[in-house]
Amino acid sequence: SPYKDFGMHWCFECHSTLVSMLRAYVPDPLFSVVMTCQKDSIADALRSVIDQSLPSWEVIVVDDHSPDSCGDFVRAWKQVLPEASRFKVLIHHEALGARAALNRGFQEARGLWISALDANARLEPHDFRSMAKAISLRPELQLIYSAASTPWYVRRLCNGSFPELPRNSDSPVY
């Protein structure tokens, strides 16, 4: 390798091993974002997830029998994206309501941290990176919330369920 002269030989040979070791400790995706459909505004919300500087995410879009065929719109849209494998579109053939749609999306989510994102909401480009840093500094966290536009994220437990979140206002939420 031409990099031996610069002391970089080990780095290039071991890069894939190091990446494999890191993946064993950091789940992929780290973040699952569940959205219900609204065709007129969902493209910008999806773009805000795609543009994250930390690419450890998946998006689950649930079309709860929307009158504008939003699920079909997202399926067509994702066909032109290199990130298409990170998207899942679920379609209800009858309207079950937002709660049922979100619950179905949560059931399909694979990420360690799960959130609902409104179709008209936007993430900032470094939101996932900032949250990952907070998680690394405070691994005991069960809920992350920001006063900015970022939605809340709940940590999935080892058994796949979600924790009982604090109900009183005296409990710290980071």
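Above: the structure in question.
Structural notes, computed from the coordinates. On a predicted model such as this, the values are computed, not experimentally measured, just so you know.

So, how was this worked out
Residues numbered from 1 in each chain as written. Predicted model: local features only at pLDDT ≥ 70, side-chain atom pairs only at ≥ 80, totals over all residues. Heavy atoms only, no water. Salt bridge = Lys/Arg side-chain N within 4 Å of Asp/Glu carboxyl O. Helix = DSSP H or I, 4+ residues; strand = E, 2+ residues; numbered from the N terminus. Buried < 20%, exposed > 50% of the residue type's maximum accessible area, 1.4 Å probe, protein only. Core = buried A, V, L, I, M, F, W, Y, C linked by side-chain atoms within 4.5 Å. Contact = heavy atoms within 4.5 Å. Phe/Tyr/Trp six-rings, centres within 6.5 Å; stacked < 30°, edge-to-face > 60°. Lys NZ or Arg CZ within 6 Å of the ring centre and 35° of its normal.

Overview of the pattern of salt bridges
Stage number 1. The tally for this structure, following the rule as stated, stands at six salt bridges.
Stage number 2. Linking E108 and K88 is a salt bridge whose minimum nitrogen-to-oxygen distance equals 3.1 Å. Within this pair, whereas E108 is found in helix α4 (residues 98-108), its partner K88 is found in strand β3 (residues 87-92), the two being separated by 20 residues in sequence.
Stage number 3. Looking at K88, the relative accessible area reads 30%, which means it is partly exposed.

Description of the nonpolar core
Stage number 1. Within the largest apolar cluster, 30 residues are counted, with the highest numbers of intra-cluster contacts made by F31, I42, L46, V59 and F128.
Stage number 2. Elements that contribute at least two residues to this core include exactly β1 (31-36), α2 (42-50), β2 (57-64), α3 (70-78), β3 and α5 (127-137).
Stage number 3. For this core, the element with the most residues is α2, which contributes five residues.
Stage number 4. Beyond its immediate stretch of four places on either side in the chain, V59 contacts V33, M35, L46, V49, R86, F87 and K88.
Stage number 5. Residues V34, I60, V62 and I114 belong to the second largest nonpolar core, which totals nine residues.

Focus: the packing of aromatic side chains
Given two aromatic rings, their pairing is described by the distance between the two centres and the angle made by the two planes.
Stage number 1. Under the defined criterion, the tally for this structure stands at three aromatic pairs.
Stage number 2. Here F31 and F128 contribute two aromatic rings whose centre-to-centre distance is 4.5 Å and whose plane-to-plane angle is 15°, an arrangement assigned as stacked. In this pair, F31 sits in strand β1 while F128 sits in helix α5, placing the two residues 97 residues apart along the sequence. The exposure classification of F31 matches that of F128, with both residues buried.
Stage number 3. With a centroid separation of 6.5 Å and 90° between ring planes, the pair formed by W77 and F87 is classed as edge-to-face. Highlighted residues: W77 in helix α3 and F87 in strand β3, separated in sequence by ten residues.
Stage number 4. Here F87 falls in the buried class, since its relative accessible area comes to 5%.
Stage number 5. The rings of W57, W77 and F87 are connected pair by pair, giving a single aromatic cluster.
Stage number 6. The ring of W57 has R86 lying over it, and the distance from NZ or CZ to the ring centre is 5.4 Å.

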